[in-house]
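Commentary on secondary and tertiary structure
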Amino acid sequence: MTGGRTAPRVKLAMEALVSSATAEHREFSHITPEYQAISQLCRQVRSVAEVSALLRIPLGVVRVLIADMAAEGLVRVHQPALEAGRPDVSLLERVLSGLRRL
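The paragraphs below set out a description of the structure included in this document. (Residues numbered from 1 in each chain as written. Predicted model: local features only at pLDDT ≥ 70, side-chain atom pairs only at ≥ 80, totals over all residues. Heavy atoms only, no water.)

1. Points about a nonpolar patch on the surface
There is a patch of nonpolar side chains on the surface, built from V95, L99 and L102 and spanning about 340 Å² of accessible area. Relative to the assigned elements, L99 resides in helix α4 (residues 89-101). (Patch = residues over 30% accessible without salt bridge, like charges linked within 9 Å, V, L, I, M, F, W, Y side chains within 5 Å. Areas by Shrake-Rupley, 256 points an atom, 1.4 Å probe, with all protein chains shown as cover. Salt bridge = Lys/Arg side-chain N within 4 Å of Asp/Glu carboxyl O. Helix = DSSP H or I, 4+ residues; strand = E, 2+ residues; numbered from the N terminus.)

Spelled out as structure tokens, the structure:
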């Protein structure tokens, strides 16, 4: 899936949000099944960790795939902003809310 790579081209936080950048009716015959699954799943904004869990693919592999997809323009990645090394309180609230929904 990753061509032997174990690290993404860009650093992706597991709480980074991912959204599909492709149209629903786009032809997917030329991309891998993993890319197709991630693109379909991210029609609704998901965190990198959620994508990993929902697709049952290891987090490290998902990070590599999402970074590659972002470079190809297939997904958009929204990295969390950190102030002095600390996550934003609203981010923590969203994570907690998501955990409660599980």
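2. Let's talk about the nonpolar core
Formed by 18 residues in total, the largest nonpolar core has its most connected members in I38, V51 and I66. Every element with two or more residues in this core is listed here: α1 (33-41), α2 (48-55) and α3 (59-71). The greatest single-element share of this core, amounting to five residues, is contributed by α3. Beyond its immediate stretch of four places on either side in the chain, I38 contacts V51, L55, L65, I66, M69 and V75. (Core = buried A, V, L, I, M, F, W, Y, C linked by side-chain atoms within 4.5 Å. Buried < 20%, exposed > 50% of the residue type's maximum accessible area, 1.4 Å probe, protein only. Contact = heavy atoms within 4.5 Å.)

3. Here's the deal with the environment of V10
Here V10 lies in the segment before β1 (17-20). Judged by its relative accessible area of 46%, V10 is partly exposed.

4. Here we look at α3
One turn of the α-helix equals 3.6 residues, which is why residues spaced by three or four share an orientation. For α3, with 13 residues, the first-to-last C-alpha span of 18 Å sits near the 18 Å given by 1.5 Å per residue. Regarding α3, the residues found buried are V62, V64, L65, I66, A67, D68 and M69. Buried-residue contacts for α3 involve β1, α1, α2 and β3 (75-78). Two residues or fewer after α3 comes G73, characterised by a positive phi angle close to 80°. (Expected span 1.5 Å × (residues − 1).)

5. Here we look at the layout of surface pockets
Computed from the structure, the largest pocket encloses a volume of approximately 620 Å³. The wall of the largest pocket is formed by 19 residues, among which S47, E50, R94, V95 and G98 lie closest to the centre. Elements that contribute at least two residues to the lining of the largest pocket include exactly β2 (46-47), α2 and α4. Broken down by element, the lining of the largest pocket gets its largest block of residues, seven residues, from α4. Considering only residue class, the lining of the largest pocket consists of ten nonpolar, four polar and five charged. (1 Å grid on protein atoms, 1.4 Å probe; cavity = no way out; pocket = protein on both sides within 12 Å on 5 of 7 lines; lining within 4 Å. Points joined across faces, edges and corners; volume = space filled by probe spheres on them. Nonpolar A, V, L, I, M, F, W, Y, C, P; charged D, E, K, R; others polar.)

6. Section: the packing of α1 against α2
Where α1 contacts α2, the two axes come as close as 11 Å, and the packing angle between them is 120°. On the basis of the axis angle, α1 is oblique to α2. The two elements α1 and α2 meet at a crossing, and its hand is right-handed. Packed against α1, whose contacting residues are A37, I38 and L41, the element α2 presents V51, L54 and L55 at the interface. (Axes fitted to C-alpha atoms, helices over the stretch in contact; angles between N-to-C directions. Parallel < 35°, antiparallel > 145°, perpendicular 65-115°, else oblique. Left-handed = near helix turned anticlockwise from the far one by under 90°.)

7. Brief notes about unusual backbone geometry
One non-glycine residue with positive phi stands out, namely R56, at about 55°. The topology assignment puts R56 in the loop between α2 and α3. A relative accessible area of 77% means that R56 is categorised as exposed.

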